[in-house]
Amino acid sequence: MRSSSKVAKIGAVLVSFSLLCLAHVAATTEDFDIKEDYEFPEAFKFGVSTAAFQIEGAWNEGGKGESMWDTYIHEHPEYTLDHSNGDIAADSYHKYTEDVKIIKDLGVKYYRFSFSWPRILPQGTDNKKSKDGIDYYHKLLEELRRANITAVVTLFHWDMPTPLMDLGGWSNPKMVDYFLDYARFAFEEFGDEVKIWTTMNEPHQHCYNYCYYIFSVLQSGTYAHYMLLAHAKAYRLYEKEFKPRQNGRVGITLDAFWADPKNSTDPLDIEAAERYRQMRLGIYAHPIYSNIGDYPPLVREIIDTNSRLQNFTRSRLPVFSKEEIELLKGSSDFFGLNHYTTYLMSHPTINETWTIPSWDHDTFVRMEQNLAWPIPGADWLSVYPPGFRKLLNWIKNNYGDVPIVITENGMCDFGGLKDYTRVSYYNDYLYQVLLAMYKDNVNVEGYFAWTLLDDFEWTDGYATKFGLYEVDFDSPERTRRKKLSADNYRNIVEKRKIDFDYIKQPKMKKLPYQTPEEENTV
Ligand code: NOJ
């Protein structure tokens, strides 16, 4: 995830910062009305998530081709905060048996991971396949089967094969066919072992943060369009040719921060928040999950109008044909949702420095975080658990009773095994899931923690840590060690409830900068 934090400041602020966060999290839990002893139903799916590029390493082993991430960060080490790359990462390519063991220790029955497209098809196209790459995933799947853990496989988690990125990535309509060929091969080869698939992970982040900002491949509207079509075609392919005999499910993973109006009584801020939700999530979700299909009317209006004003002959947002609208409608067996944080939205009143045209300019909101919310790691992720419940309700209100699988949720810090802040984050966010289920009747089917172990966090490199297990990136063994949050998660999974006292936070001494209020909460 993009972050403007600087590595240099990390060490210096580490200790005082985490103590401050601890105090903040404790202070904010008061607002969350923790009273009821809700249980996660027996059928609720608990899991843990990872992604190929972030953990596998072995970037050039076994005939693997390069992905855009290999190529560009080798050429531009400055793209990552610590000038690192994914060459070895957590070395899960070699340590997958150990990883399956720690997944089993968590007690979860589901593991979501991604196939690396260029590990299977080194050039991206299906004329050339890597036997070693294919064998690797068979071995991993066999290990999971023996551990009684169900695999949930993402086909595209951002590591686009470089030869395809050189053709413009998802801005090129040909990508739809290339993805379909890859999906067909994956269903044929692995479909007896994999029964839950997601086609794409977070199309918004892939386009907006990385292709647009980092790798300068423009046209986020076009990107969304071809990713959506590729998803729908893969879904229909599975439905027609594979589902009758393999009996699996296929979905997509979308992501959203929750957006609250900064001033909840100002109509302009209320509009800004809804504009953000539609431009960020609705643009992908409406074509798939709404009854009428197609892009949300608001998104169509904004991009069409701006395109006209910017002298484009045609809208930057391509138009779906009637057949494509039908193809997309209902093309998912569940709603995969990744959620991390909340922002406050207002109508922009000062001159923003947006590029024109851009997704930011089209969306036209001022985004800020509430300064009272703790930021335990990367500067984009502040902790505000109630936003999760609001987002789940927004999905239900817009798209009905679709089963939601939370495919990612978690928090980053700067490391350490005694990760009390992460313990609180999981407790408080999971409690909001329970409230959404029990009080609001939202159909939540499962929850996957992000992430199993510390990994390559995209442009943050290894500076920020999301893992339930620590990885020692300085040791050639990439030693894994359990954090407190892993124990806490295991306890939730086992008891199917949140025990807020399971991990006791140490009593803290008064800090010089603590307010009397904060002092009373620890
Ligand atoms: C969502 C992405 O799917 C994942 O790859 C990333 O590490 C997390 N967000 C945290 O930024």
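Everything below is about the structure shown above.
Residues numbered from 1 in each chain as written. Predicted model: local features only at pLDDT ≥ 70, side-chain atom pairs only at ≥ 80, totals over all residues. Heavy atoms only, no water.

1. Examining the side chain of Thr464
Among the secondary structure elements, Thr464 is positioned in the loop between strand 11 (444-450) and strand 12 (469-471). In this structure Thr464 comes out as buried when scored by relative accessible area, which is 2%. One polar contact links Thr464 to Asp460, side chain to side chain, over a distance of 3.0 Å. (Helix = DSSP H or I, 4+ residues; strand = E, 2+ residues; numbered from the N terminus. Buried < 20%, exposed > 50% of the residue type's maximum accessible area, 1.4 Å probe, protein only. Polar contact = N/O pair within 3.5 Å; in protein donor to acceptor, adjacent residues only side chain to side chain.)

2. Quick word on helix 15 (residues 386-399)
Its 14 residues place the ends of helix 15 20 Å apart at the C-alpha level, agreeing with the 20 Å of an ideal helix rising 1.5 Å per residue. Of the positions making up helix 15, those classed as buried are Pro386, Gly387, Phe388, Leu391, Leu392, Asn393, Trp394, Ile395 and Tyr399. Gly400 lies just past helix 15 and shows a positive phi near 80 degrees. (Expected span 1.5 Å × (residues − 1).)

3. What about the sheet that holds strand 11?
Strand order in the closed barrel formed by eight strands is 1-2-3-4-5-7-10-11, with parallel pairing between adjacent strands. Here the strands of the sheet are splayed against their neighbours by 25 degrees on average, with no regard to which way each runs. Pairing analysis gives five bridges linking strand 1 (residues 45-49) to strand 11, with the strands arranged parallel. For Lys45, the partnering residue across the bridge sits in strand 11 and is Gly446. (Pairing = 2+ DSSP bridges. Axes fitted to C-alpha atoms, helices over the stretch in contact; angles between N-to-C directions.)

4. Focus: the nonpolar core
Formed by 152 residues in total, the largest nonpolar core has its most connected members in Phe115, Trp170, Trp197 and Phe335. Residue contacts for Phe115: discarding those within four places in its chain leaves Ala52, Ile120, Tyr137, Val153, Thr154, Leu155, Asp159, Tyr182, Ala186, Phe190 and Trp197. Residues Tyr110, Val152, Ile196 and Phe448 belong to the second largest nonpolar core, which totals six residues. (Core = buried A, V, L, I, M, F, W, Y, C linked by side-chain atoms within 4.5 Å. Contact = heavy atoms within 4.5 Å.)

5. Some thoughts on the site of the ligand
Lining the immediate environment of the ligand, one finds 14 residues, of which Gln54, His157, Asn201, Glu408 and Glu457 sit closest. Residue Tyr340 places a side-chain N or O atom 3.4 Å away from a nitrogen atom belonging to the ligand. Glu408 is positioned with one of its side-chain polar atoms (N or O) 2.8 Å from an oxygen atom of the ligand. Protein coverage of the free-state accessible area of the ligand, which is 290 Å², stands at 100%. (Near = heavy atom within 4 Å. Areas by Shrake-Rupley, 256 points an atom, 1.4 Å probe, with all protein chains shown as cover.)

6. Observations concerning the sheet that holds strand 8 (residues 342-346)
Reading across the sheet, the three strands line up as 6-8-9 and stay open at both edges, with mixed pairing between neighbours. The open sheet has two edge strands, strand 6 (258-261) and strand 9 (366-368), and neither has a second partner. Averaged over all neighbouring strand pairs, the angle between strand axes comes to 35 degrees, with direction disregarded. Relative to strand 9, strand 8 runs antiparallel, the two sharing three bridges. Residue pairing in the sheet places Ser346 in a bridge with Arg366 of strand 9. Along the sheet, helix 11 (residues 267-289) makes contact with strand 6, strand 8 and strand 9, crossing strand 6 at roughly 165 degrees.

7. Quick notes on the environment of Phe46
Mapped onto the secondary structure, Phe46 falls in strand 1. Owing to a relative accessible area of 2%, Phe46 belongs among the buried residues under this scheme. Expressed as a C-alpha distance, the spacing of Phe46 and Glu445, which sit 399 residues apart in the sequence, is 9.1 Å. Beyond its immediate chain neighbours, meaning those up to four positions away, Phe46 contacts Phe40, Val108, Lys109, Tyr110, Leu430, Tyr447, Tyr489, Ile492, Val493 and Arg496.

8. A look at unusual backbone geometry
Cis geometry is found at the peptide bond from Ile356 to Pro357, where omega equals 0 degrees. Tracing the backbone shows Pro357 in the loop between strand 8 and helix 14 (359-363). The omega torsion of the bond from Trp450 to Thr451 falls at 15 degrees, within 30 degrees of zero and hence cis. Checked against the element boundaries, Thr451 lands in the loop between strand 11 and strand 12. One non-glycine residue, Asp91, adopts positive backbone phi at about 60 degrees. Residue Asp91 is classed as buried on the basis of its relative accessible area of 13%. Its identity is not glycine, yet Asp294 carries a phi of approximately 70 degrees, on the positive side. Tracing the backbone through its elements, the reader meets Asp294 in the loop between helix 11 and helix 12 (297-309).

9. Points about the environment of Arg119
Mapping Arg119 onto the fold places it in helix 5 (residues 117-120). A sequence separation of 15 residues divides Arg119 from Ile134, and the C-alpha atoms of the two residues are 7.7 Å apart. In this structure Arg119 touches Glu56, Gly57, Ala58, Glu61, Lys64, Tyr93, Ser130, Gly133, Tyr136 and Tyr137, once residues within four positions along its chain are discounted.

10. Remarks on the side chain of Thr154
Structurally, Thr154 is set in strand 3 (residues 150-156). In this view, Thr154 contacts Arg112, Phe113, Ser114, Phe115, Thr198, Thr199, Met200 and Asn201; residues no more than four positions away in its chain are not counted.

11. Regarding the environment of Pro203
You can see Pro203 is positioned in helix 9 (residues 203-214). On the basis of relative accessibility, which here comes to 1%, the residue Pro203 falls in the buried class. Sequence separation of Pro203 and Met227 is 24 residues, and the distance between their C-alpha atoms is 7.1 Å. Filtering out sequence-adjacent residues up to four positions away, Pro203 remains in contact with Met227, Thr253, Leu254 and Tyr284.

12. Overview of the pattern of salt bridges
Across all of its chains, the model carries 31 salt bridges by this definition. The closest approach of N and O atoms between Asp135 and Lys131, which form a salt bridge, is 2.7 Å. Of this pair, Asp135 and Lys131 both sit in helix 6 (residues 131-146), four residues apart, which is roughly one turn of the helix. One salt-bridge network, in which partners are shared between bridges, spans Lys482, Asp487, Arg490 and Glu494. (Salt bridge = Lys/Arg side-chain N within 4 Å of Asp/Glu carboxyl O.)

These figures capture arrangement, not role.
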